[in-house]
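# Fold and geometry: a report
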Amino acid sequence: MLTKLHDSLRLRTSPAIFFSSAAVIILFVVATIAFTEPLDRAVSGASDWLLSNFGWFYILGVTLFLAFLLFIAVGRFGRVKLGPDDEAPEHSGPAWFGMLFAAGIGSILMFWGVAEPVSHFGDPPRGPSLGIEPGTEAAATDAMNFTFYHFTLHTWTIFTLPALCFAYFIHKRNLPPRVSSIFQPILGEGIHGPIGKFIDVVAIVGTVFGIAVSIGLGTLQINGGLNQLFGVPESAVWQLVIIGIVGGLAMISVALGLDKGIKVLSNVNIWMAVGLLVFVLVAGGSTLFVLKGTIESLGTYIVNLPELAFWNDTFADSGWQNGWTVFYWAWTITWSPFVGLFIARISKGRTVRQFVSGVLAVPAGFSVLWFGIFGMSAIDIELNGDGGLVERVVDDGDIPGALFAFLEHYPAGFLISVLSIVLVVIFFVTSVDSAALVTDTMANGHEDFNPLGQRIFWAVAIGLITATLLVFSGTGGLEALESTIILVGLPFFVFAYFQMYALYRALREDAGELPPVRTRRWKKVLPPEELARREEEDEHDTSDVVVEPEAVGEAPVMVDPYLPEDDAEQESAGTSAPPLVDGLTRRVGRGGTLPARTDTARKTYVNARDVHQTTQQTEER
């Protein structure tokens, strides 16, 4: 039945995954509108219960993910290539770093760049437990600590884990670009069965919700900016108008395709964002204070990171962490498949070590610059300037309007605020465009054929979920976004633990186990007087006992573990072995002089139709 419907609509995807995901999204929209109050109470109640009982699970999880990534990167598997063993990276280092910059951070930077530091400065996270008073230097230090904690290493850990898994299983094992492929070491061919399809449906629906929350935050910010600049009311009607207009622009971008749509807009918003950053640094009149404060804040963050990574607000139990850290982790992990698949696609040919270090360090480093400059500039306005940001953001609760209240303190504030709205709109458009493409790819199980109608459907679905959460849910606004995403994030955290196991198991299967280290054997050493006694006594064998330390034989010579068995025997015997095809040096020198070698997998197709189509195209060529 689903196949017939699929064919009649001229789709090219996996019917079970596509229609199941679409059904869940449509059902949520209809149920929310039809049963607003009961559904709102159920979602809020379930979210509150999770926060009260499982907030620690979210906090611990992200820190464990970071530890796992560092363990994989510094260990012997760090030399494994994400792709064929002898393939060079597809993109140069500068180009790769530039694309990492554009991966998923736009909406975060614009919405929270001012709002986060000011919120914590006016309401210190650890105020009740450490006695930190709002508006003090101690509050500024604590605010920057938590800002860096929320938006640097830990946030990018959530993106890096699925990205590394995608990169390995897509480029190394040639599996379909789906979340279920990561579970192949556990499920085997079951990735194409009911369990695999269930995983993909959950991943697709969660990704749509995660992107919808990002778009919702952008909508609130655009509405807040228009209200401040032009007096446009902050209302549900205007939020629907914004979603409709910007969603329409996103669908135009989808129709234009990758090169004319996403690529052009991404280049524009990168340069506009960098321009805004430089403007804030230079035009505020406190450049030296901001630079010194950014460096100092980075240092205090590094010192306090172990404590922050495990802090659960146990003794004060103020509830602060539930509305901030737990929300961030749940929100970020729901759209991590979207960002992860993008990063994986551009990282073929990198080693695991290069991948982990690059994906963690480059975006996190830029986030330090962004939040350091915006955060310290905002704190400077409060400590040494006219103030008013804490009153606007903390007392009035106007988080979406934080950026525009901040820009009022700069020359040409009106013009810069207008350009900032344009920048938020572009981030909005590129996020929807990219998410529609990635979501469609996960539903299809391949990247070869992406019909335009399918991508437009996913763009519309993201817009529907955004509008439903912001306008038609009972609470609405930021509170509705938080309550929903905390629930959606739970299964993703469970998946992440299995992803770590699956990746480690696959690495061990493909790279093999190293033999135990072999060393020289040494004779037993006794004091001279004791050896003399034993030699005089007939019952002792002193043939293997010495006074001066003495080794038995020469030290073992290590040979290339990737040589064929016969060649390795010749190598260890001192005879020459045939040269390897790829020209690798056979004798192992210092650690790391040889790339890790793994088995090569053939490309896996999702179904027979794709195999037949590809075969036909090959024959035609």
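Remember, predicted model here, so these are calculated numbers, not experimental data.

### Description of the overall build of the chain
On a plain count of helices and strands, the chain comes out with 24 helices and four strands. Looking at the chain as a whole, 52% of its 621 residues are labelled buried. Counting only carbon and sulfur atoms, one obtains 61% of the accessible surface of the chain, whose full area is about 27,300 Å².

### Notes on unusual backbone geometry
You will see that Arg10, though not glycine, has its phi angle at about 55 degrees, which is positive. In this structure, Arg10 sits in the loop between α1 (2-8) and α2 (15-34). The phi angle at Asp313 is positive, at roughly 55 degrees, despite the residue not being glycine. Residue position: Asp313 is located in the loop between α13 (287-310) and α14 (320-334). For Asp313, a relative accessible area of 5% translates into the label buried.

### Thoughts on the nonpolar core
The biggest cluster of nonpolar side chains holds 169 residues, and the ones touching the most others in it are Trp112, Trp331, Phe355, Trp370 and Phe406. Once residues lying within four places of it in the same chain are set aside, the contact partners of Trp112 are Pro117, Phe151, Leu217, Trp324, Phe327, Tyr328, Trp331, Phe371 and Ile399.

### Some details on the environment of Pro89
Within the secondary structure layout, Pro89 lies in the loop between α3 (36-74) and α4 (93-101). For Pro89 and Lys348, which are 259 residues apart along the polypeptide, the C-alpha to C-alpha distance reads 5.8 Å. Beyond its immediate chain neighbours, meaning those up to four positions away, Pro89 contacts Lys348, Gly349 and Arg350.

### Some remarks on the packing of aromatic side chains
Counted under the stated rule, the structure contains 45 aromatic pairs. Measuring from centroid to centroid gives 6.5 Å for Tyr328 and Trp331, while their planes differ by 40 degrees, and the two rings are tilted. Placement of both Tyr328 and Trp331 in helix α14 is noted, with a separation of three residues, approximately one turn of the helix. Judged by relative accessible area, which is 1%, Tyr328 ranks as buried. The buried category is assigned to Trp331, whose relative accessible area is 1%. The residue whose ring lies beneath Arg350 is Trp96, and the NZ or CZ to ring-centre distance is 4.6 Å.

### Quick word on a nonpolar patch on the surface
A cluster of nonpolar side chains, contributed by Val237, Trp238, Val241, Ile245, Leu249, Ile252 and Leu256, occupies part of the molecular surface with about 640 Å² of accessible area. By relative accessible area, which is 40% here, Leu249 ends up partly exposed.

### Side note on the confidence of the model for the chain
Averaged over every residue, the pLDDT of the chain is 86; the share at 70 or more is 87%. Confidence over residues 575-594 falls short of pLDDT 50; this stretch has 36 contacts with residues more than four positions distant or in other chains.

### With respect to helix α19 (residues 413-444)
Compared with the 46 Å implied by 1.5 Å per residue over 32 residues, the 46 Å span of α19 between its first and last C-alpha is a close match. Looking one or two residues beyond α19, the residue adopting positive phi is Gly445, at roughly 85 degrees.

### Focus: the pattern of salt bridges
The tally for this structure, following the rule as stated, stands at twelve salt bridges. Of the charged contacts in the structure, one is a salt bridge between Asp544 and Arg521, with a shortest N-O distance of 3.9 Å. With a gap of 23 residues between them, Asp544 in the loop between α22 (528-536) and β3 (545-546) and Arg521 in strand β1 (residues 521-522) connect regions that are remote in the sequence. You can call Asp544 partly exposed: its relative accessible area is 39%. Taken together, the shared-partner salt bridges in this structure form one network comprising Arg173, Arg505, Glu509 and Asp510.

### Some details on a negative patch on the surface
On the surface, Glu535, Glu536, Glu537, Asp538 and Glu539 cluster together to form a negatively charged patch. When you line up the elements, Asp538 lands in the loop between α22 and β3. By relative accessible area, Asp538 is classed as exposed at 75%.

Here is what the cut-offs are and how they apply
- Residues numbered from 1 in each chain as written.
- Predicted model: local features only at pLDDT ≥ 70, side-chain atom pairs only at ≥ 80, totals over all residues.
- Heavy atoms only, no water.
- Helix = DSSP H or I, 4+ residues; strand = E, 2+ residues; numbered from the N terminus.
- Buried < 20%, exposed > 50% of the residue type's maximum accessible area, 1.4 Å probe, protein only.
- Areas by Shrake-Rupley, 256 points an atom, 1.4 Å probe, with all protein chains shown as cover.
- Core = buried A, V, L, I, M, F, W, Y, C linked by side-chain atoms within 4.5 Å.
- Contact = heavy atoms within 4.5 Å.
- Phe/Tyr/Trp six-rings, centres within 6.5 Å; stacked < 30°, edge-to-face > 60°.
- Lys NZ or Arg CZ within 6 Å of the ring centre and 35° of its normal.
- Patch = residues over 30% accessible without salt bridge, like charges linked within 9 Å, V, L, I, M, F, W, Y side chains within 5 Å.
- Salt bridge = Lys/Arg side-chain N within 4 Å of Asp/Glu carboxyl O.
- pLDDT = per-residue confidence, 0-100.
- Expected span 1.5 Å × (residues − 1).
- Lys, Arg positive; Asp, Glu negative; His and termini not counted.
- Charge placed at Lys NZ, Arg CZ, Asp CG, Glu CD.

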